[in-house]
Amino acid sequence: MSDSLNAEVIAIGTEILLGELTDTNSVYIARVLRDLGINLYFMTSVGDNEHRIAQAIQIALQRAQVVITCGGLGPTVDDKTREAVAMATGRGLSFHPDLLEQIAARFAGFQVKMTENNRRQAFLPDGAKVIENPVGTAPSFIVEQQDSVVISLPGVPREMKFLMTERVVPYLHERFQLGIIKARTLRTAGVGESALDEMIGNELLEMSNPTIGLAAHSGQVDVRITAKAETEAEADRMIAETEAKLRERIGTYIYGVDGERLESVLLNFLKQTNGKLAVAVAGMESHPAQALQGQADGTVLYSAYPTPERVREAFGLSIEMPLRDVAAAVAEHLCRQQQANAGIAIISNPDVEEASDANEGTAVAVYTPHNARSRVYGFGGKSEMGRIWSAMWTLSVVWQMLREQAQPND
């Protein structure tokens, strides 16, 4: 296995740069490369300009042995990838009659007449290896340039995914001696990134293989372990040993691994401990906490209000009370009134989307008989991010508080 095999992904399309199209192709390719054990240090987006695409490819070839382009292989005048790859590698273009026949056959199968501009797709850089495309009309290709390769794939996600897994992966295995990279994510809640960093310590954080990386969210931090090895079994062993060391240091904050969701973990914890959670949300049409209510058979008591004013009326709170104080009072009242183990309040101004955190767009609070926490955000009820962040913070904090309450000596 070569530890120095690097790749670069170039997404081609002006619509990506204009924000009209989300580049999911590069993310997919990145995951495939990760599982092959190929390093990926750069991902580039470039518009439909032959010279700029060629320049991006030339730069990529200076720092990567595997360059994968995605998009720009269609029949129209703005599909410039073929010409750009030829320019970047100092080649001309050659016409492939057999490719044109295959393209025409696919159109005939669709009972659609092939237009003359599809002839452009039968031109490939000189010496290119054809990647036949049985799921689309855009032929793909590989150009081998000294010790590096340029692999050009179509931008249609269905076509790209098929060719990447069925054609490109076997080619890379054959051309390069590949190992694998495996990853495992420990999901933590109720602790900040800087505190977690200090608890883990430089000894582990500075390891080169496996590596440990932190990704912070609101109220949650993901701890990702990534191992590179010759075999899957060896990578699993390396990850398991590192995970054991991490659990010794931060285990009290780990609520799950990989795709586990805090909502499910919290719900299971409440059921196992015969706990009850009371939640009130105001000013948001929907909220992730609603999903807990539907699954919990009374374990989670959920109430919704259209506006903060209605919450103030329902709980007898002053109209002058700041939103953060309202949330704190409601969370405490809910906990005591419902005889719950914890109360959560999320109070949002429904007409606000984004603002500075100095403005009260959304206030969140968590209360237990032993602890209470609250904070305020600038985003309001119109913000999708507001729903996500308020849920992540409140559920993370309540999970940690309840665990500390149930296991005070941990």
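About the cut-offs
Residues numbered from 1 in each chain as written. Predicted model: local features only at pLDDT ≥ 70, side-chain atom pairs only at ≥ 80, totals over all residues. Heavy atoms only, no water. Phe/Tyr/Trp six-rings, centres within 6.5 Å; stacked < 30°, edge-to-face > 60°. Helix = DSSP H or I, 4+ residues; strand = E, 2+ residues; numbered from the N terminus. Buried < 20%, exposed > 50% of the residue type's maximum accessible area, 1.4 Å probe, protein only. Lys NZ or Arg CZ within 6 Å of the ring centre and 35° of its normal. Pairing = 2+ DSSP bridges. Axes fitted to C-alpha atoms, helices over the stretch in contact; angles between N-to-C directions. 1 Å grid on protein atoms, 1.4 Å probe; cavity = no way out; pocket = protein on both sides within 12 Å on 5 of 7 lines; lining within 4 Å. Points joined across faces, edges and corners; volume = space filled by probe spheres on them. Nonpolar A, V, L, I, M, F, W, Y, C, P; charged D, E, K, R; others polar. Core = buried A, V, L, I, M, F, W, Y, C linked by side-chain atoms within 4.5 Å. Contact = heavy atoms within 4.5 Å.

Participant: Give a detailed account of the packing of aromatic side chains, specifying residues and quantitative values.
Facilitator: Under the definition given, this model contains five aromatic pairs. A centroid spacing of 5.9 Å and a plane angle of 70 degrees characterise the contact between Y255 and W399, whose relative ring orientation is edge-to-face. One end of the pair, Y255, is in strand β12 (residues 254–257); the other, W399, is in helix α14 (residues 384–406), with 144 residues separating them in the sequence. The buried category is assigned to W399, whose relative accessible area is 3%. Ring-pair connections join several aromatic residues into one group, and the members of that group are Y377, F379 and W389. Over the ring of F42 we find R63; its NZ or CZ atom is 3.6 Å from the centre of that ring.

Participant: Explain the sheet that holds strand β1 (residues 6–12) to me, using residue names and the numbers behind them.
Facilitator: Here we have six strands laid out as an open sheet, ordered β2-β1-β3-β8-β7-β6, and mixed in their pairing. Across the chains shown, the open sheet's two edge strands, defined by having one partner strand only, are β2 (39–46) and β6 (129–131). With strand direction ignored, the average angle separating the axes of adjacent strands in the sheet is 20 degrees. Pairing of strand β7 (residues 140–145) with strand β8 (residues 148–153) involves five bridges; the strand directions are antiparallel. Along β8, the bridge assignment pairs F141 with S152.

Participant: Tell me what's going on with the layout of surface pockets, and back it up with residues and numbers.
Facilitator: Of the voids in this model, the largest pocket is the one considered here, and its volume is about 420 Å³. Surrounding the largest pocket, 28 residues form its lining, E15, G71, G72, G155 and V156 being those nearest its centre. Sorting the residues of the lining of the largest pocket by element identifies β1, α1 (14–17) and α6 (157–175) as the ones contributing at least two each. Per-class residue counts for the lining of the largest pocket are eleven nonpolar, eleven polar and six charged.

Participant: Describe the nonpolar core, naming the residues involved and giving the relevant values.
Facilitator: Nonpolar side chains in soluble globular proteins tend to end up buried together. L266, L277, I344 and V398 are the most contacted members of the largest nonpolar core, which totals 28 residues. Breaking this core down by element, the ones donating at least two residues are α10 (262–272), β13 (277–282), β14 (300–305), β15 (342–348), β16 (362–368) and α14. Ranked by residue count, the leading element in this core is α14, at seven residues. Ranked by size, the runner-up nonpolar core spans 25 residues in total, among them V9, I151, M164 and L172.

Participant: I'd love a proper account of α10, names of residues and values included.
Facilitator: If you check which residues of α10 are buried, you get L262, E263, V265, L266, L267, F269 and L270. Looking at the residues trailing α10, positive phi occurs at N274, about 55 degrees.

Participant: Could you give an account of the sheet that holds strand β10 (residues 211–216), with specific residues and numbers?
Facilitator: Reading across from one edge, β10-β11-β9-β12 is the order of the four strands in this open sheet, with antiparallel pairing throughout. Looking at which strands have only one partner, the edges of the open sheet turn out to be β10 and β12. The mean inter-strand angle of the sheet, taken between neighbouring strand axes irrespective of direction, is 25 degrees. For β10 and strand β11 (residues 220–229), the ladder comprises six bridges, and the chain directions are antiparallel. Bridging from a neighbouring strand, T211 pairs with T226 of β11.

Participant: Residue-level account of the environment of M160, with values.
Facilitator: Looking at where M160 falls in the secondary structure, it is placed in helix α6. Residues M160 and V135, 25 residues apart in the sequence, show an inter-C-alpha distance of 9.3 Å. If near-sequence neighbours (up to four positions away) are discounted, M160 is found in contact with N25, Y28, I29, C70, L153 and P154.

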